[in-house]
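Chains, contacts and geometry: an overview
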Amino acid sequence: MAIVWPCPLSVEAYVAAERSIAVPRPSCPSCSQSMSFWGFYTRYLRVGEIVRLFVRRARCLGCRCSHALLPDFVAMGRLDGQEVIGRAVEELAAGMGARSSALRAGLPHTTVRDWRRRVAERSGLLIGGFLAAAVALGDPAPRHLSSGPAGLVVAVTAAVGAAR
């Protein structure tokens, strides 16, 4: 399992910090007990170029589960960063094709096409989650929300606006 934490550093600063990165100590999402740091592992992230990240791990003292502590610019299970993937989804919502979006990002069009398929398949669930987050943070849900990728962009914008 992974726990995403809000990282104030840029990707470059995070990479430069290597193992000395300061990560907040979380509570276990399963049992809420305190966790101890449990080493690192390395993974790669493509943000224009491919960089090597050290990802901190934590282990729950109660249930003994371990969790990766991912900075918020990393997408779990994806080589590309959140910013790159988000831009491609925004371009999809605006009507840009996968090939054009991939060409602009310098990525294989099959990568962007697969992101878009997954977003299209899960847009209803994602929209519901982001709208619930916006409402939980005190903002009203947007009216006249469309479905699909365009609705997802609106829902994400509402949740981010509510978080500020």
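Our subject in this report is the structure included herewith. (Residues numbered from 1 in each chain as written. Predicted model: local features only at pLDDT ≥ 70, side-chain atom pairs only at ≥ 80, totals over all residues. Heavy atoms only, no water.)

Below, the discussion takes up the nonpolar core. Within the largest apolar cluster, 21 residues are counted, with the highest numbers of intra-cluster contacts made by Y14, L45, L53 and F73. For this core, the element with the highest residue contribution is strand β3 (residues 49-60), accounting for five residues. In contact with L53, not counting residues within four places along its chain, are Y14, V15, Y41, T42, R43, L45, F73 and V74. (Core = buried A, V, L, I, M, F, W, Y, C linked by side-chain atoms within 4.5 Å. Buried < 20%, exposed > 50% of the residue type's maximum accessible area, 1.4 Å probe, protein only. Helix = DSSP H or I, 4+ residues; strand = E, 2+ residues; numbered from the N terminus. Contact = heavy atoms within 4.5 Å.)

Note that an α-helix has 3.6 residues per turn; residues three or four places apart therefore point the same way. Given a rise of 1.5 Å per residue, 16 residues ought to cover 22 Å, and the 23 Å separating the end C-alpha atoms of helix α5 (residues 148-163) matches this to within 8%. Taken together, the buried positions of α5 are occupied by G148, P149, G151, L152, A155, A158, A159 and A162. Residues of α5 that are buried sit in contact with α2 (82-93) and α4 (109-136). (Expected span 1.5 Å × (residues − 1).)

Turning our attention to the side chain of R116. Structurally, the position occupied by R116 is in helix α4. Here R116 is buried and forms no salt bridge, its nearest opposite-charge partner E91 lying at an N-O distance of 4.5 Å. From its side chain, R116 meets the backbone oxygen of M96 in a polar contact 2.7 Å long. Once residues within four sequence positions are removed from consideration, R116 is found in contact with A88, E91, L92, M96, G97, A98 and S101. (Lys, Arg positive; Asp, Glu negative; His and termini not counted. Salt bridge = Lys/Arg side-chain N within 4 Å of Asp/Glu carboxyl O. Polar contact = N/O pair within 3.5 Å; in protein donor to acceptor, adjacent residues only side chain to side chain.)

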